[in-house]
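Secondary and tertiary structure notes
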Amino acid sequence: MSGKNKYVLMTIWQGLLILLVFFSFSTNVSASVQSETPRGLDYGSIKNLFNAPNPIWQSSGSDGDKYKNNIIMSYNAFNPTDPYTALSGVTAANDLSDTAGYMWGKNDNKLDITKSQTFGFWISYAPGTSGKGDASMAFVLQNDPNGDNARATLGNESSGKPIMTPPEGLGVWAPDSSNPAGAIKNSWAIELDSGINNTNTTNNAFDIGLQTTKPHISSNYPGESSSYINSGTNVYRLIHQGTMYHYLGGETSGHYWHHLAVRYIPNSDGKTADVTYTINDKNPDGTPNTNTGTESETNPIEESKTETIDLSKFHLNGETKLNWGFTGSTGNLGGAIYLAIESAPTIVNGSITSQLIDDTQDNRVLDDPDGNNYVNSGDNLTLKYQVKYNSGTVDLKRILSNITLPYYTTFKSGTVTFANGNTEALSSSEIKNRVLTHTISSSSNVLNAGNKTATVEIHLGMVNMAMDAKVPSSHASFKGDTYGGDTEIPGFTVRATKPKHTMSLTSSTKDSQEIQSDQDATISGNLKYSDGASFDKNGADIHVNIDGTDQEIVNIGSSGSSSSLDFSQILSGIDLKAGTHTITVYASDSYYIKSNSMTFKVIVDDKYSKINAAPSYSFRTLNGARARVIQRQGDWPLSVTSKNSSWELDAQATPLTDGSKTFAGYVIYKDANSTKNMQNNLVKLGESNGTETDTTSIPEKYDWTTDTGILLQSTTDVTSGSYIGTIDWTLVDSVN
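In this text the structure is predicted, and so the values were computed from the model without any measurement.

So, how was this worked out
- Residues numbered from 1 in each chain as written.
- Predicted model: local features only at pLDDT ≥ 70, side-chain atom pairs only at ≥ 80, totals over all residues.
- Heavy atoms only, no water.
- Helix = DSSP H or I, 4+ residues; strand = E, 2+ residues; numbered from the N terminus.
- Buried < 20%, exposed > 50% of the residue type's maximum accessible area, 1.4 Å probe, protein only.
- Contact = heavy atoms within 4.5 Å.
- Areas by Shrake-Rupley, 256 points an atom, 1.4 Å probe, with all protein chains shown as cover.
- Salt bridge = Lys/Arg side-chain N within 4 Å of Asp/Glu carboxyl O.
- Pairing = 2+ DSSP bridges.
- Axes fitted to C-alpha atoms, helices over the stretch in contact; angles between N-to-C directions.
- Phe/Tyr/Trp six-rings, centres within 6.5 Å; stacked < 30°, edge-to-face > 60°.
- Core = buried A, V, L, I, M, F, W, Y, C linked by side-chain atoms within 4.5 Å.

**So, the overall build of the chain**
What the chain contains, in helices and strands, is five helices and 53 strands. Taking all 736 residues of the chain together, the buried fraction comes to 51%. Contacts in the chain between residues far apart in sequence, at least 24 positions, make up 74% of those at least 6 positions apart. Taken as a whole, the chain presents about 31,600 Å² of accessible surface, with 45% of it coming from carbon and sulfur.

Okay, structure coming up:
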């Protein structure tokens, strides 16, 4: 599981310092591992936000490293021509002692359990000189009483000379001799473990049952006895939750580093949170990892696991902040494991967005992530990016942007506009091999709570194409001294020529329609080209504007051979809200050939009453010709729905007939006080209690029983037959 722990910071060619965690024994790490380190956070900007890695205590002799924190945070003395030997803090070869270490955020650099946040890290593992290794680390959330000096020990804190846990514990899990007391308390950890401890002996049994061909990534609560299984005297197995198996290093340039994203999302119950940890979601250059197939060191595969964690395990007692950080260890196999911090929302909670805009097509945003976007030869485009400072404990500055421009485009101009109104110009001289490199907010325009955004706009022109061409997605990275991230502009297709026909929109929908707020309005239409041409497989987009606000575009598909497309746009009265609304509709195709626009009015009423009645009712079968009251058959659902309205419900019935025969009797309404004949006579059935917004059931409100409510009165002159009649409902309300 792990050996010597040292923090290393290395300078890359762009001049920013990378924060590295380096746990090492004797290693054969090549220079390329360091030279290919993805850009991370600036040590000088964040060093005071982490604990000082002082020794717990230190003794002389070969076992001295057992008694101290072996992580060292410092600037790196890295030399690009000799990176390995120049790394400060590399453990001397032949030092075979087991080592462990830890690093914690402190002060304001703590995780707030009430807020969603995502961390980004880069990991690189290399074996020792033997070709094997066990350098490992863990990402940990904790509320240990020792705070930013928390570490797993053999449980001998009172001696004043505590010994760090053996390598199996990665500096966080409990040692077998003190389980679970020696673990970091009130904690949850994700381990990235390159070692396999499966001999079923003391401090070498955690990984029994796991695969052995690759390092494993898993999680659990280090300080909970339920995380372990006792399998013998002073022998424990670790219960691994959410386990994944992945290579954490490589032997080939471009594959040394692996991205780890940790996303924390609190749940609405206030008692749990979902933590998703994802490995290999992007490549070392920041582009999305789209690899498929069988994983190898040169074919890393993305995978995620989500664990629901119990926040009560942290014993916060009403507080909302957790320490976060890393622990790690190496054993007698040695090796090295590096960590570069890409982003930590506890330092700067930032975000990056991007848009591809076709200026020629009415500033249309092309946003299909699968690349089903179309531009025409000669169109003007805008690439728009925004780096946003959402919150943080330090400023965000010196943001190195590397923006790849799409193929077949020419640079026209570009600016960076800050929330404070200041601007920076972008120049064509900053472009090399289609990549525009510019450092944003290098001086006065730092991003912070008072200046939250930097918006980059790059204006391009599409060259005139002789034939259609597909343009792949374009990557952009924004790496500041306290936050970094990546984004993609989606791919698109350039059309060389544009058809000359026009598109017409017709509709049979009335120019004006009135609905109640719980109803829908429907606008239907038909699309055709002027020359009768067929719509291609992309169909057409329906653009709807309601009261000046553009709605989400709806695509109407096509078989590719249809010369006519029909559509219906449903508008909810609830969403529209009460009042008179102006609806404008037009269509466009993938060439952005636009139809004519049509305008409609929709009036939404929020004061109304309406009857909810069944289409038919029935009475029970009458046997025998004698006078009696006949009860209703089954349920008689009858209600009034009102909104901001008072109402009165009346009803009358027609005679019941069977062909030329007339039923000897009539429909009545009976309550506790009277019986009223409803035949050709309007009878009041109920009313509201003033102005209401409710649905009122008439049978329930007026306590209809089997012998009250609407019934049927017969006489002795009834003849056999199946009789049918009509009840006319009349609703009087404050509106109608």
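**A look at the pattern of salt bridges**
By the definition in use, this model includes 14 salt bridges. The salt bridge partner of Glu295 is Lys214, with a shortest N-O separation of 3.5 Å. With Glu295 in the loop between β13 (272-279) and β14 (303-310) and Lys214 in the loop between β7 (187-193) and β8 (216-220), this pair connects stretches of sequence that are 81 residues apart. Here the salt bridges do not stand alone but share partners, grouping Lys282, Glu342, Lys479 and Asp486 into one network.

**A closer look at the pairing of strand β45 (residues 647-653)**
Counting buried residues in β45 gives five out of seven residues, a clear majority hidden from the surface. One ladder, built from seven bridges, connects β45 with strand β53 (residues 727-733); its direction is antiparallel. Looking across to β53, one finds that Ala653 is bridged to Ile727. Across four bridges, β45 lies against strand β50 (residues 683-687) in antiparallel orientation. The residue bridging Leu649 from the neighbouring strand is Gly686, located in β50.

**Some thoughts on the sheet that holds β45**
To summarise the sheet geometry, strands pair through backbone hydrogen bonds and adopt either a parallel or an antiparallel arrangement. Spatial ordering of the open sheet is given by β50-β45-β53, a layout of three strands whose pairing is antiparallel. Among the strands making up the open sheet, the edge pair consists of β50 and β53. Ignoring which end each strand starts from, the neighbouring axes of this sheet average 25° apart.

**Quick word on the sheet that holds strand β52 (residues 709-714)**
The strand order across the open sheet built from four strands is β42-β52-β48-β49, with neighbouring strands paired in antiparallel fashion. The sheet terminates laterally at β42 (628-630) and β49 (675-677), the two strands that pair on one side only. Taken pair by pair, the neighbouring strands of this sheet meet at an average axis angle of 40°, ignoring direction.

**Examining the packing of aromatic side chains**
In this structure the tally under the stated criterion is 20 aromatic pairs. Plain terms: the ring middles of Trp188 and Tyr277 are 6.5 Å apart, the flat faces sit at 55° to each other, and that makes the pair tilted. Here Trp188 is found in strand β7, whereas its partner Tyr277 is found in strand β13, with 89 residues between them in sequence. Just as Trp188 is buried, Tyr277 falls in that class too. Judged by centre distance (4.3 Å) and plane angle (25°), the ring pair of Tyr529 and Phe535 falls under stacked. Judged by its relative accessible area of 8%, Tyr529 falls in the buried class.

**Looking at unusual backbone geometry**
Residue Asn179 is joined to Pro180 through a cis peptide bond whose omega torsion reads 0°. Within the element layout of this structure, Pro180 appears in the loop between β6 (136-142) and β7. Although it is not a glycine, Asn680 adopts a positive phi angle of roughly 55°. Note on placement: Asn680 falls in the loop between β49 and β50. Of note, Asp703 is a non-glycine position whose phi angle comes to about 50°, a positive value.

**Side note on the nonpolar core**
Formed by 77 residues in total, the largest nonpolar core has its most connected members in Phe121, Trp324, Ile458 and Phe478. Beyond its immediate chain neighbours, meaning those up to four positions away, Ile458 contacts Leu381, Thr382, Leu383, Tyr385, Ile403, Leu405, Phe411, Ser413, Gly414, Leu426 and Leu436.

**What about the side chain of Ser517?**
Note that Ser517 resides in the loop between β32 (512-516) and β33 (520-529). Filtering out sequence-adjacent residues up to four positions away, Ser517 remains in contact with Gly573, Ile574, Val604, Asp605, Asp606, Tyr608 and Lys643.

**Some words on the environment of Gly171**
Among the structural elements, Gly171 can be located in the loop between β6 and β7. When the C-alpha atoms of Gly171 and Gly182 are compared, they prove to be 9.9 Å apart, with 11 residues separating the residues in sequence. Setting aside residues up to four positions removed in sequence, Gly171 forms contacts with Ala100, Arg151, Ala152, Thr165, Ile184, Thr327 and Gly328.

**Description of the pairing of β33**
Every regular strand shows the same layout, with side chains that alternate between the two sheet faces. Here four bridges tie strand β31 (residues 503-506) to β33, and the two strands are oriented antiparallel to one another. Paired with Ser504 across the two strands is Lys528, which belongs to β33. Where β33 and strand β37 (residues 564-572) come together, nine bridges link them in antiparallel fashion. What sits directly across from Ser524, in β37, is Ser568.

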